[in-house]
Amino acid sequence: MSDLALQLGPVASLAGAIGIGLVFVQAGAAKLRHRDVLPGVIANYRLLPDALVAPLAAVLPPFEIVLGLVLAATGDTAAALVAVSLLLGFAGAMAINVARGRTQIDCGCGRSQLRQPIGWPLVLRNLVMAALLVPACAGSFRTGGAEIGAQAVALAAVAGLMLFLLYQLFNAIVALSASPLASGRR
């Protein structure tokens, strides 16, 4: 069995960390670009006291960027645990509001060019992303205590980039399907 074949599990783990890390970088950067509306988006969820909305809106974008960079660059176990916690928290906030029937609020994912109302597909998206990070939480990008080889890291980087692009495609499809033009409304 080739050395690379033995590293496919760790490659998948690192690919998940890279792909989800890129998602966090992109989301944080988009939130920074639209920081003037972010407090309103967070407040629309109606889950936090008003006094916590502005501080969270100020801290969340740079935190997501740093977390994403650490995750994508290192696959760090602690960063993966924090990312899973955030993704589960975001999924929970969306699920609560979907269950309340409040599906017309913007998800706050930073996609201003295609407003993205919340719904079960976005809850599921966040749960899937959290699941993709579970191997990284266990530090499984290492094999036998040693770092994986350069060839495996390159493969993980390509796979992580593909994961990020699939995330973008999924978001575009969900946003377009929720648009007024898709349902015949104008």
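What counts as what
- Residues numbered from 1 in each chain as written.
- Predicted model: local features only at pLDDT ≥ 70, side-chain atom pairs only at ≥ 80, totals over all residues.
- Heavy atoms only, no water.
- Helix = DSSP H or I, 4+ residues; strand = E, 2+ residues; numbered from the N terminus.
- Expected span 1.5 Å × (residues − 1).
- Bend = angle between axes of the 7 residues up to and from the residue.
- Contact = heavy atoms within 4.5 Å.
- Polar contact = N/O pair within 3.5 Å; in protein donor to acceptor, adjacent residues only side chain to side chain.
- 1 Å grid on protein atoms, 1.4 Å probe; cavity = no way out; pocket = protein on both sides within 12 Å on 5 of 7 lines; lining within 4 Å.
- Points joined across faces, edges and corners; volume = space filled by probe spheres on them.
- Nonpolar A, V, L, I, M, F, W, Y, C, P; charged D, E, K, R; others polar.

Draft legend 1. Inspection of helix α4 (residues 50–74) at higher detail. Taking 1.5 Å per residue, 25 residues should reach 36 Å; α4 reaches 36 Å between its end C-alpha atoms and fits that length. Its axis deflected by about 30 degrees at Leu56, α4 carries its strongest bend there.

Draft legend 2. Here's a closer look at the environment of Asp76. Note on placement: Asp76 falls in the loop between α4 and α5 (77–99). Distance from Asp76 to Ala136, taken between C-alpha atoms, is 7.2 Å for residues 60 residues apart in sequence. Ignoring anything within four residues of it in the chain, the contact list for Asp76 reads Val70 and Leu71. Polar side-chain contacts of Asp76 include one of 3.1 Å to the backbone nitrogen of Ala78.

Draft legend 3. Layout of the layout of surface pockets. Put simply, the largest pocket is a space of about 470 Å³. Lining the largest pocket we find 27 residues, and of these Tyr45, Leu60, Phe90, Ala93 and Cys107 sit closest to its centre. Broken down by secondary-structure element, the contributors of at least two residues to the lining of the largest pocket are α2 (8–33), α3 (38–44), α4, α5 and α6 (120–137). Top element by residues in the lining of the largest pocket is α5. It accounts for seven residues. Residues that form the lining of the largest pocket fall into these classes: 20 nonpolar, four polar and three charged. In this structure, the second largest pocket spans a volume of roughly 170 Å³. In terms of lining, the second largest pocket is formed by Ile20, Val23, Arg125, Val128, Met129, Leu132, Leu163, Leu166, Tyr167 and Phe170. Among the residues making up the lining of the second largest pocket, the classes are represented as nine nonpolar, no polar and one charged.

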